[in-house]
Amino acid sequence: MGSDYAHRKWCHLRKVLERSGPFCRPDFEPSPNTLQFLSENCKLLVIGAGGLGCELLKDLALMGFGQIHLIDMDTIELSNLNRQFLFRQKDIGASKAEIAAKFINTRIPGCHVIPHFCKIQDKDEAFYRQFHIVISGLDSIVARRWINGMLISLLNYEDGELDQSSVIPMIDGGTEGFKGNARVILPGLTACIECTLDLYPPQVTYPLCTIANTPRLPEHCIEYVKVMQWPKENPFDCPIDGDDPQHINWIYEKSNERAVQFSIQGLTYRLVQGVVKNIIPAVASTNAVIAASCSTEVFKLATSCCSSLNNYMVLNDLDGIYTYTYEAEKKEDCLACSQIPREIQISNSTLKLKDLLAILCERVDLQMKNPGITANVNGKNKTLYMQTVASIEEKTRENLNRSLVELGLRNGSEIMVADSTTPNTVVMKLKFSTSTTDIDML
Amino acid sequence: MIKLFSLKQAKKDGESPRTGTQKKASAAQLRITKDINELNLPKTCGTEFPDPDDLLTFKLIICPDEGFYKGGRFVFSFKVGPNYPHEPPKVKCETQVYHPNIDLEGNVCLNILREDWKPVLTINSIVYGLQYLFLEPNPEDPLNKDAAEVLQNNRRVFEQNVVKAMRGGYVGSFYFERCLK
Ligand SMILES: [Zn+2]
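Analysis parameters
- Residues numbered from 1 in each chain as written.
- Chains lettered and ligands numbered in written order.
- Predicted model: local features only at pLDDT ≥ 70, side-chain atom pairs only at ≥ 80, totals over all residues.
- Heavy atoms only, no water.
- Helix = DSSP H or I, 4+ residues; strand = E, 2+ residues; numbered from the N terminus.
- Buried < 20%, exposed > 50% of the residue type's maximum accessible area, 1.4 Å probe, protein only.
- Areas by Shrake-Rupley, 256 points an atom, 1.4 Å probe, with all protein chains shown as cover.
- Lys, Arg positive; Asp, Glu negative; His and termini not counted.
- Charge placed at Lys NZ, Arg CZ, Asp CG, Glu CD.
- UniProt positions renumbered as here; feature names shortened; annotations may be inferred.
- Contact = heavy atoms within 4.5 Å.
- Pairing = 2+ DSSP bridges.
- Axes fitted to C-alpha atoms, helices over the stretch in contact; angles between N-to-C directions.
- Core = buried A, V, L, I, M, F, W, Y, C linked by side-chain atoms within 4.5 Å.
- Donors = N, O, S within 2.8 Å, 3.2 Å for Na, K, Ca; no water.
- Tetrahedral: all angles 85-135°; square planar, octahedral: opposite > 155°, others 65-115°.
- Phe/Tyr/Trp six-rings, centres within 6.5 Å; stacked < 30°, edge-to-face > 60°.
- Lys NZ or Arg CZ within 6 Å of the ring centre and 35° of its normal.
- Patch = residues over 30% accessible without salt bridge, like charges linked within 9 Å, V, L, I, M, F, W, Y side chains within 5 Å.
- Salt bridge = Lys/Arg side-chain N within 4 Å of Asp/Glu carboxyl O.

Notes on the overall build of chain A
Working step 1: Helix and strand counts for chain A stand at 15 helices and 15 strands.
Working step 2: Along the longest, intermediate and shortest principal axes, the C-alpha atoms of chain A span 75 × 70 × 40 Å.
Working step 3: When burial is assessed residue by residue, chain A has 51% of its 442 residues classed as buried.
Working step 4: Of the roughly 21000 Å² of accessible surface on chain A, 52% is carried by carbon and sulfur atoms.
Working step 5: The centroid of the 44 positive side-chain charges in chain A is displaced by 3 Å from the centroid of its 52 negative side-chain charges.

The structure is reproduced here in structure tokens:
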């Protein structure tokens, strides 16, 4: 009876996965193994367990995905409960990732969600490399840019050719009130977050002189307190924490005083919270649509049952439902994904930094003019040499006569080279010839 | 169409990492490296990097050679955040200055530092913007309203006030530290 139940549970998926059809990708092979792959082998990472995250998790789990990791650093707040439906009143204060994982694991047998109650930045390359697909439901641009950079850094190039098995697709969902988008990113192959950074509207800001002298809106009063009064009076000896009610209260009181002074109406505690935390009210139905679209894309990629969204879908459900899809273009000079690490052959491990500089300036395919070189040595940024800025030049000049090894560089180390001859900083990989010199000498 | 992974592919767990766990430079880091390497400062400006390994924190020193502020030395602190260039750097004036667009706390009213910032702008754009503030103080968008009023009503008095402040002394009830070169 158990197996009969399992059979019936997935009967709709079986129709899609075990039969061919006109919309299938050419490489699709109908097979009963696909469902098993989804439940046992296909490893997903969902980033964010908030409004989008709850929807994503529910959708993916009910679609047959059985191996899901979930990462979120936030804890549950009362104001989440209207739409983050995996949480209950008793969960307030607990980790979103942990509670959401527990809920799904209990509710959907066979699905294993593993929670990570931490920042995405706390995990390393080895962690991210284990996944087949990454799905993000984030509300922060910094976090999006970070995971984008991480997935790009996992790409493997051999002689400038991308090794496709190193591509981890990222399905990114975003919502803001009644607007949302879903996109499919194949790092290294299609437009990445950084390629389309100008799609994210900059944070609303007001001219400083307006908020200082001629405020007209309640927002001007709040900004004034946030930008000018807080740093001056430093009431709690720390930067503003939008989640601390004491901070919000202080800002509310001070901006209220200012609003009264300038006869400005409409200042409320909620508005203060909104401006300080840069909150746009979340709409549950927008989250549901975007999450459903993202989950469908995950399913399509994982099973090849249908071609992927190409590659950016926009939704507006304010007046009726408006949606269109277009192909966001990969930027030729993208700071993140146009970087194919170039290799620089180092023939001699005693090579000095000044010799490396000479190589950069003399090699016919480089011919740099004034390269500035930085590197990441033992997890720390290091400026090795920069000729163009006097105060840096002075402090890094002594590096010129040091050998690369003395500077902490090894075979495989990456250096960042900025030069006026290239539109972006270029990443280069040092390749030390396996000390043929010593052996050949014999 | 590419097939990104096949069903036969085993769990990825066992895969050995091909590269080390070298920390990658962030896009913000790559961009600021480019900005700094390409700094093309006017001769009245200089930079100071207290820690050359930290390109995100530095000071800009402007010594105007003409205009009201000729002979002064003004220090600005720059802090570049992880969301650069999506967001502009935070810039504050560390020298007390009698200026219509800079208040006594060091806040600077320069459009490209806030509402008109665009990711195509660079550190160099800000340097030129700040330099321009000393050549053409703008009484229309004041942060220091008193200074703006004086500039608008009586340029001579404004000029005298600027000199008084730069030499170190009171303008009105506020005492300015000396900032002559
Ligand atoms: Zn890109």
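Here we look at the UniProt feature "active site" (unreviewed entry) in chain A
Working step 1: In the numbering used here, UniProt assigns the "active site" (unreviewed entry) feature to Cys209(A).
Working step 2: Relative to the elements of secondary structure, Cys209(A) occurs in helix α8 (residues 208-213).
Working step 3: Under the relative-accessibility criterion, Cys209(A) is labelled buried at 8%.
Working step 4: If we skip the residues at most four places from it in the chain, Cys209(A) touches Thr214(A), Cys109(B), Asp141(B), Pro142(B) and Leu143(B).

Structural notes on the sheet that holds strand β8 (residues 179-185) of chain A
Residue and element names in this part refer to chain A.
Working step 1: Taking strand neighbours across the sheet as the criterion, the 8 strands line up as β3-β2-β1-β4-β7-β8-β9-β10 in an open arrangement whose pairing is mixed. Strand pairing shows two members of the sheet lacking a second neighbour, β3 (112-116) and β10 (322-326), which therefore form its edges. The average undirected angle you get between the axes of adjacent strands in this sheet is 15°.
Working step 2: Pairing analysis gives 4 bridges linking strand β4 (residues 133-137) to strand β7 (residues 170-176), with the strands arranged parallel. When the sheet's bridge partners are listed, Gly137 is paired in β7 with Gly173.
Working step 3: In the packing of helix α5 (residues 96-107) onto the sheet, contacts are made with β2 (67-71) and β3, and the angle to β3 comes to roughly 170°.

Comments concerning the pairing of β4(A)
Residue and element names in this part refer to chain A.
Working step 1: The buried fraction of β4 amounts to 5 of the 5 residues, a majority that puts the element mostly inside the structure.
Working step 2: Here β4 shows no split at all, with Ile133, Ile135 and Gly137 on one side and Val134 and Ser136 on the other all buried.
Working step 3: Both strand β1 (residues 43-47) and β4 contribute to a ladder of 4 bridges, which runs parallel. Directly across from Leu44, in β4, lies its bridge partner Ile133.

Examining the nonpolar core
Residues and elements named next belong to chain A.
Working step 1: Among the nonpolar cores identified, the biggest contains 85 residues, and Leu44, Leu57, Phe65, Ile68, Tyr128, Ile135 and Ile147 are the most heavily contacted of them.
Working step 2: Ranked by residues supplied to this core, first place goes to helix α12 (residues 284-303) with 7 residues.
Working step 3: Those residues in contact with Ile147 that sit more than four places away from it in its chain are Ile47, Ile120, Tyr128, Val134, Leu138 and Met170.

Notes on the coordination of the zinc ion
Residues and elements named next belong to chain A.
Working step 1: Taken together, the protein ligands of the zinc ion are Cys192 (SG), Cys195 (SG), Cys334 (SG) and Cys337 (SG), with distances of 2.2 to 2.3 Å.
Working step 2: Around the zinc ion, the 4 donor atoms sit at angles spanning 100 to 119°, and that spread fits a shape best called tetrahedral.
Working step 3: Of note, the donors binding the zinc ion are all from one chain and are spaced C-x2-C-x138-C-x2-C. Exposure class is identical for Cys192 and Cys195. Each is buried.

A look at the side chain of Ser255(A)
Residue and element names in this part refer to chain A.
Working step 1: With respect to the secondary-structure elements, Ser255 resides in helix α10 (residues 245-261).
Working step 2: Judged by relative accessible area, which is 0%, Ser255 ranks as buried.
Working step 3: Once residues within four sequence positions are removed from consideration, Ser255 is found in contact with Cys221, Ile222, Val225, Leu267 and Val272.

Concerning the pairing of strand β14 (residues 414-418) of chain A
Residue and element names in this part refer to chain A.
Working step 1: For β14, a buried count of 5 out of 5 residues is recorded, marking the element as mostly surrounded by other parts of the structure.
Working step 2: Burial along β14 is two-sided: the face carrying Glu414, Met416 and Ala418 and the face carrying Ile415 and Val417 are both buried.
Working step 3: Direction of pairing for β14 relative to strand β15 (residues 426-432): antiparallel, over a ladder of 4 bridges. Bridge assignment links Glu414 to a residue of β15, and that residue is Lys429.

Some thoughts on the packing of aromatic side chains
Each pair of aromatic rings is reported with the distance of its centres and the angle of its planes.
Working step 1: The final tally for this structure, using the stated rule, is 21 aromatic pairs over all chains.
Working step 2: Taking 5.8 Å as the distance between ring centres and 75° as the angle between the ring planes, the aromatic pair formed by Tyr252(A) and Tyr269(A) counts as edge-to-face. Placement of Tyr252(A) in helix α10 and of Tyr269(A) in helix α11 (residues 269-277) is noted, with a sequence separation of 17 residues between them.
Working step 3: The interplanar angle of 80° and the centroid separation of 5.0 Å between the aromatic rings of Phe68(B) and Phe158(B) together place this pair among those described as edge-to-face. Note that Phe68(B) is positioned in the loop between β2 (57-62) and β3 (74-79) and Phe158(B) in helix α4 (residues 155-167), a separation of 90 residues in sequence. The residues Phe68(B) and Phe158(B) share a single accessibility class, namely buried.
Working step 4: Connected via pairs of aromatic rings, a cluster forms that spans Phe68(B), Tyr98(B), Phe158(B), Phe174(B) and Phe176(B).
Working step 5: Cation over ring: Lys123(A) sits above Phe127(A), and NZ or CZ is 4.8 Å from the ring centre.
Working step 6: Here the basic side chain of Arg258(A) rests over the ring of Tyr224(A), its NZ or CZ set 3.5 Å away from the ring centre.

Focus: a negative patch on the surface
All names here are of chain A.
Working step 1: The grouping of Glu158, Asp159, Glu161 and Glu343 at the surface amounts to a negative patch.
Working step 2: Summarising the element assignment, Asp159 is placed in the loop between β5 (156-158) and β6 (161-163).
Working step 3: Taking relative accessible area as the criterion, Asp159 reaches 84% and is therefore assigned exposed.

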